[in-house]
Amino acid sequence: NGRDSISEAFRIVRTNMDFMRVKAKDMKVVMFTSFNPNAGKTFVSMNLAMSFALTRKKVILVDLDIRKGTLSGHVSGTTNMGITNYLSGKVDDINSIIKKEELATNLDIIHTGPVPPNPSELLLSEKLDSLMARLREKYDYVIVDTAPVERVSDTFSLTRFVDATLYVCRADYTHKN
């Protein structure tokens, strides 16, 4: 609800995404990635999700950077229960891993959960595909925070269920080449 330039920038991105959604007719699942760590993808995904939630859109923010879980470290209600518990079969009910965000009534979050020994394999599982299909039905937007593409291949495997990928570049930080 701020009036500063950063808040306004998120409103502009939100408005552009709403416009693209009308044209594309199915842009519900949006993935955020970057080339290297610390580019700001978690900051952007969190703030954009909040921006959509403030317009009464039903939004879920999913932390699929399961090796590091940066998003899960920044939001309230961080727990050891998360997507890795569901993908590994330790939890069957998706509602047990969906947490309500205290700052916005229309924003839910799925944390990473414990770091698994086989992150790439978990992200390739059919359980993730069915989970994303269910989230697509239940929410207006599914915002996915992922790992940077420089170091691991995890993010590339997620493109199978996303409608759009936003690639975050940080000024004076992300290498131009």
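The preceding data block contains the structure.
Residues numbered from 1 in each chain as written. Predicted model: local features only at pLDDT ≥ 70, side-chain atom pairs only at ≥ 80, totals over all residues. Heavy atoms only, no water.

Draft legend 1. Examining the overall build of the protein chain more closely. Helix and strand counts for the protein chain come out as seven helices and six strands. Across the protein chain, helices and strands are ordered from the amino to the carboxyl terminus as α-β-α-β-α-α-β-β-α-α-β-α-β. Across the 177 residues of the protein chain, 47% fall into the buried class. Within the protein chain, counting contacts between residues at least 6 apart in sequence, those at least 24 apart form 78% of the total. (Helix = DSSP H or I, 4+ residues; strand = E, 2+ residues; numbered from the N terminus. Buried < 20%, exposed > 50% of the residue type's maximum accessible area, 1.4 Å probe, protein only. Contact = heavy atoms within 4.5 Å.)

Draft legend 2. Seen up close, the packing of aromatic side chains. Overall, the coordinates contain one aromatic pair when judged by the stated rule. With a centroid separation of 4.0 Å and 25 degrees between ring planes, the pair formed by Phe52 and Tyr141 is classed as stacked. With Phe52 in helix α2 (residues 41–53) and Tyr141 in strand β5 (residues 141–145), this residue pair connects regions lying 89 residues apart in the sequence. Geometry around Tyr86 places Lys127 over its ring, the cationic atom sitting 4.4 Å from the centre. (Phe/Tyr/Trp six-rings, centres within 6.5 Å; stacked < 30°, edge-to-face > 60°. Lys NZ or Arg CZ within 6 Å of the ring centre and 35° of its normal.)

Draft legend 3. Region of the structure containing the sheet that holds strand β1 (residues 29–34). If you trace the six strands from one edge of the open sheet to the other, you get β3-β4-β2-β5-β1-β6, paired in mixed fashion. Strands at the two margins of the open sheet, each flanked by one partner only, are β3 (98–100) and β6 (164–168). Averaged over all pairs of adjacent strands, the angle between their axes in this sheet comes to 25 degrees, without regard to strand direction. Seen against the sheet, helix α6 (residues 126–138) touches β1, β2 (59–63), β3, β4 (107–110) and β5 and runs at an angle of roughly 140 degrees to β5. (Pairing = 2+ DSSP bridges. Axes fitted to C-alpha atoms, helices over the stretch in contact; angles between N-to-C directions.)

Draft legend 4. Looking closely at the side chain of Thr33. Note that Thr33 resides in strand β1. Within polar-contact distance, the side chain of Thr33 engages the backbone oxygen of Ala147 at 2.9 Å. Beyond its immediate stretch of four places on either side in the chain, Thr33 contacts Lys41, Thr146, Ala147, Pro148, Val149, Thr155, Thr165, Leu166, Tyr167 and Val168. (Polar contact = N/O pair within 3.5 Å; in protein donor to acceptor, adjacent residues only side chain to side chain.)

Keep in mind these values describe shape, not function.
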